[in-house]
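Here's the letter readout for the chains.
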Amino acid sequence: MKKFICLALAGVLSLAGCNSASNEAATPTEESKEPTMEVAEDAASYMVGVGASEHNKVEDFKDADHPGKLSLSTTVATVAVDSNDIIQFVQLDTFKADKKFDDKGMLDEDVAETNDLKSKKELGDNYGMRAASEIGKEWYEQAEAFEQFAVGKNINDLLEGKLSEDEDLKASCTMNVDGFVYALMAAYHTAQPFDGSLDSLKLVVEPTFSAKSADGDTNGTMSLYVSYKVEANGEDVAAGSHDGFAEFTSKGTVLELAE
């Protein structure tokens, strides 16, 4: 079942070490180099792209009070910039899956392959951030505030800026926005010419999630595959995918994996 997110104008896993691992800051799925985009005088009205970043954390089983943990998280963003690299349109969302496992590599619950994983925006008030937020705002509210903040900014300034120190942003979004910025960077690197109306853009995202316990010599696995594209009037403008994956043993140990 595809998840459709209508964009508004306001807006894999590399596990290091066998004991525990986490990528503390979200990492982009596109090359992290200084973005540059030369635009000819007769270029399209906008450049539109879509990209993703990840923020994954894992822990080995320690004891009954500290089970093994797997957390796979993918943020998807789309961006439209004008000929001066000024952001005219941005929309983002995050899909996250969490699982626990014991010293035998048994998950709290196996999950057959499913497309029904809800994004943080889709969870809305049920995500549960409001009570812990110092400004009393849910995840989706803070994400939308970041989208509004990004519009009108030069893409390079946004990527280079110290957003954690921006007082305007802090008033409405206090959560870590590194994943948003890296996803926007990835989207910018894939941008394609676009002459249509930004109102016609639609982000189509399909997550595929599965989790299977370890069984003897067969390792357990957890996978979060996210395919995404931006459409305009039914035609693809830009597309991509990201594959988050974790593997663990029947001894409750996460394996070292390469991207």
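This one's a predicted model, so the numbers in the text were calculated from it and none came from an experiment. (Residues numbered from 1 in each chain as written. Predicted model: local features only at pLDDT ≥ 70, side-chain atom pairs only at ≥ 80, totals over all residues. Heavy atoms only, no water.)

This brings us to the confidence of the model for the protein chain. When pLDDT is averaged along the protein chain, the result is 85; 81% of the residues meet or exceed 70. Averaged pLDDT values over the elements of the protein chain bottom out at 43 in strand 1 (residues 3-6) and peak at 97 in strand 8 (residues 111-114). Per-residue pLDDT stays below 50 along residues 1-20; that stretch engages in 82 contacts with residues further than four places along the chain or on separate chains. (pLDDT = per-residue confidence, 0-100. Helix = DSSP H or I, 4+ residues; strand = E, 2+ residues; numbered from the N terminus. Contact = heavy atoms within 4.5 Å.)

To continue, consider the side chain of K99. Along the chain, K99 falls in strand 7 (residues 87-101). Within the local environment of K99, its side chain forms a polar contact with the backbone oxygen of E109, the two atoms lying 3.1 Å apart. (Polar contact = N/O pair within 3.5 Å; in protein donor to acceptor, adjacent residues only side chain to side chain.)

Okay, the layout of surface pockets next. The calculated volume of the second largest pocket comes to roughly 320 Å³. Together, 18 residues line the second largest pocket, and L163, S164, N176, V177 and D178 are the ones closest to its centre. Those elements giving two or more residues to the lining of the second largest pocket turn out to be helix 3 (155-160), helix 4 (167-170) and helix 5 (178-189). In terms of residue count, helix 5 provides more of the lining of the second largest pocket than any other element does, four residues in total. Here the residues of the lining of the second largest pocket are counted per class, giving ten nonpolar, four polar and four charged. (1 Å grid on protein atoms, 1.4 Å probe; cavity = no way out; pocket = protein on both sides within 12 Å on 5 of 7 lines; lining within 4 Å. Points joined across faces, edges and corners; volume = space filled by probe spheres on them. Nonpolar A, V, L, I, M, F, W, Y, C, P; charged D, E, K, R; others polar.)

Once that is clear, we can look at the environment of G152. Summarising the element assignment, G152 is placed in the loop between helix 2 (139-150) and helix 3. For the pair G152 and F89, spaced 63 residues apart in the sequence, the C-alpha separation amounts to 8.6 Å. Ignoring any residue separated from it by four or fewer positions in sequence, one finds G152 in contact with I86 and I87.

Quick look at the side chain of D85 now. One can find D85 in the loop between strand 6 (68-81) and strand 7. Taking relative accessible area as the criterion, D85 reaches 8% and is therefore assigned buried. Looking at D85, its side chain comes within polar contact range of the side chain of Y188, at 2.9 Å. (Buried < 20%, exposed > 50% of the residue type's maximum accessible area, 1.4 Å probe, protein only.)

Moving on to the pairing of strand 4 (residues 46-54). Along any regular strand the residues' side chains alternate between the sheet's two faces. The element strand 4 is extensively covered by neighbouring structure, given that eight of its nine residues are classed as buried. Bridge analysis of strand 4 against strand 9 (residues 192-194) gives three bridges, and the strand direction is antiparallel. By the bridge assignment, Y46 is partnered in strand 9 with F194. As judged from the eight bridges shared by strand 4 and strand 6, these two strands associate in the antiparallel manner. The partner of G49 across the bridge, within strand 6, is V79. (Pairing = 2+ DSSP bridges.)

Another aspect to go through is the packing of aromatic side chains. Within this structure, the stated rule accounts for four aromatic pairs. Measuring from ring centre to ring centre gives 5.2 Å for F146 and F180, while their planes differ by 45°; the resulting arrangement is tilted. Pair noted here: F146 is in helix 2 and F180 is in helix 5, with a separation of 34 residues, a long-range link. On the basis of relative accessible area, F146 is assigned to the buried category, the value being 0%. When the ring centre of F149 is taken as reference, the NZ or CZ atom of K153 above it lies at 3.9 Å. (Phe/Tyr/Trp six-rings, centres within 6.5 Å; stacked < 30°, edge-to-face > 60°. Lys NZ or Arg CZ within 6 Å of the ring centre and 35° of its normal.)

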